[in-house]
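Read off the chains here:
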Amino acid sequence: MVGLVSVSALAQGVYRIVGPDGRVSYSDQPPPATNARPATGAAGAAGGGANASLPFELRQVSNRYPVTLYTSSECAPCNSGRNLLNARGIPYAEKTISTNEDAEALKRLSGQASLPFLTIGSQQIKGYSDSEWTQFLDAAGYPKQSALPSAYRRAAPTALVAVQAPVAAPGPATAQSQPAEAPAAPSVTPPVTNPAGIRF
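The rules behind these values
Residues numbered from 1 in each chain as written. Predicted model: local features only at pLDDT ≥ 70, side-chain atom pairs only at ≥ 80, totals over all residues. Heavy atoms only, no water. Helix = DSSP H or I, 4+ residues; strand = E, 2+ residues; numbered from the N terminus. Buried < 20%, exposed > 50% of the residue type's maximum accessible area, 1.4 Å probe, protein only. Polar contact = N/O pair within 3.5 Å; in protein donor to acceptor, adjacent residues only side chain to side chain. Phe/Tyr/Trp six-rings, centres within 6.5 Å; stacked < 30°, edge-to-face > 60°. Expected span 1.5 Å × (residues − 1). Arc of directions from axis to C-beta. Contact = heavy atoms within 4.5 Å. Pairing = 2+ DSSP bridges. Axes fitted to C-alpha atoms, helices over the stretch in contact; angles between N-to-C directions. Disulfide = S-S within 2.5 Å. pLDDT = per-residue confidence, 0-100.

Draft legend 1. Region of interest: the environment of Arg59. Here Arg59 lies in helix H3 (residues 56-64). Judged by relative accessible area, which is 24%, Arg59 ranks as partly exposed. Polar side-chain contacts of Arg59 include one of 3.0 Å to the backbone oxygen of Leu54.

Pasting the structure below:
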């Protein structure tokens, strides 16, 4: 009788569950519905889907110490920092500072409005220094040479502050009398190249 119980227990499914801290556990119970949603990156950082294709060691480091680079157009030190991260194969998220709202959010985040600004986990590095950035990336455990797979694609840079236009709720009479229209293409406004107070 005991033999039949153990055989039926082995016949049940075993679920592999990856927790929010990256730890893997196994259970005979399915993961809660909250774990079923797709993973998202920090700081977008590097994107959850992109992290899934990383080698194990690099994925562990990037989940523990996600890297986010804050840049602006026409910023030579920002380009130097981006080149260092790309050359080392560091998976990172890039946030652009192109509006006054972005500049204010950067001041709240870093305490000043200078670029580039880099975060590695909770560590904040203001300004670009090849040796300083290398020292912090080494301390976090990132490889010295690129270990990114050839199919890896970095997420496109995104604005630090996503500004959404207010949407007016249609009244009951207008909602019924007007046919639904196809959504209009988003209008593109030229970015402010140097918000007030940004130093390079």
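There's plenty left to go through after this.
Draft legend 2. Spotlight on the packing of aromatic side chains. Inspection of every chain in the model, using the stated rule, returns 2 aromatic pairs. Between Tyr70 and Phe117, the ring centres sit 5.3 Å apart and the planes meet at 40°, which makes this aromatic pair tilted. Taken together, the positions of Tyr70 in strand E3 (residues 67-71) and Phe117 in strand E5 (residues 117-120) put the pair 47 residues apart, joining distant regions of the chain. A single burial state applies to Tyr70 and to Phe117, both of which are buried. On the numbers, 4.9 Å between centres and 80° between planes, the contact of Tyr128 with Trp133 is edge-to-face. We classify Tyr128 as partly exposed; its relative accessible area is 27%.

Draft legend 3. Broad picture of helix H4 (residues 76-88). Across its 13 residues, H4 extends 19 Å between first and last C-alpha, which sits within 8% of the 18 Å expected from 1.5 Å per residue. Taken together, the buried positions of H4 are Cys78, Gly81, Arg82, Leu84, Leu85 and Arg88. Angularly, the buried residues of H4 cover 155° about the axis, an arc narrow enough to put them on a single face. Exposed residues on H4 whose side chains face more than 90 degrees from its buried face are Ala76 and Ala87. Buried-residue contacts for H4 involve E3, strand E4 (92-96), E5 and helix H6 (130-140). Looking one or two places after H4, you find Gly89, whose phi comes out positive at around 75°.

Draft legend 4. Expanded view of the sheet that holds E5. Read across the open sheet, the 5 strands follow the order E6-E5-E3-E4-E7; overall the sheet is mixed. Edge strands, defined here as strands with exactly one partner in the open sheet, are strand E6 (123-126) and strand E7 (158-159). Here E3 runs beside E5; their pairing, made up of 4 bridges, is antiparallel. Residue pairing for E5: Val67 is matched across the bridge by Ile120. The strands touched by H4 within the sheet are E3, E4 and E5, with E3 carrying the most contacts at an inclination of about 155°.

Draft legend 5. Structural detail: the environment of Leu109. As for its position among the elements, Leu109 is in helix H5 (residues 100-110). You can call Leu109 partly exposed: its relative accessible area is 36%. When the C-alpha atoms of Leu109 and Gln124 are compared, they prove to be 9.5 Å apart, with 15 residues separating the residues in sequence. Excluding residues that lie within four positions of it along the chain, Leu109 makes contacts with Tyr70, Phe117 and Gln124.

Draft legend 6. View of the state of the cysteines. Across all of its chains, the model carries 1 disulfide by this definition. For Cys75, the disulfide goes to Cys78, at an S-S distance of 2.2 Å. Taking the torsion about the sulfur-sulfur bond, which here is approximately 75°, the covalent link between Cys75 and Cys78 counts as right-handed.

Draft legend 7. Layout of the confidence of the model for the protein. On average, residues of the protein score 75 in pLDDT, and 58% of them reach the 70 mark or higher. Within the model, the stretch residues 1-12 combines pLDDT values under 50 with 1 contact to residues more than four positions away or in other chains. This stretch, residues 186-196, has a pLDDT under 50; its non-local contacts, to residues over four places away or in other chains, come to 13 contacts.

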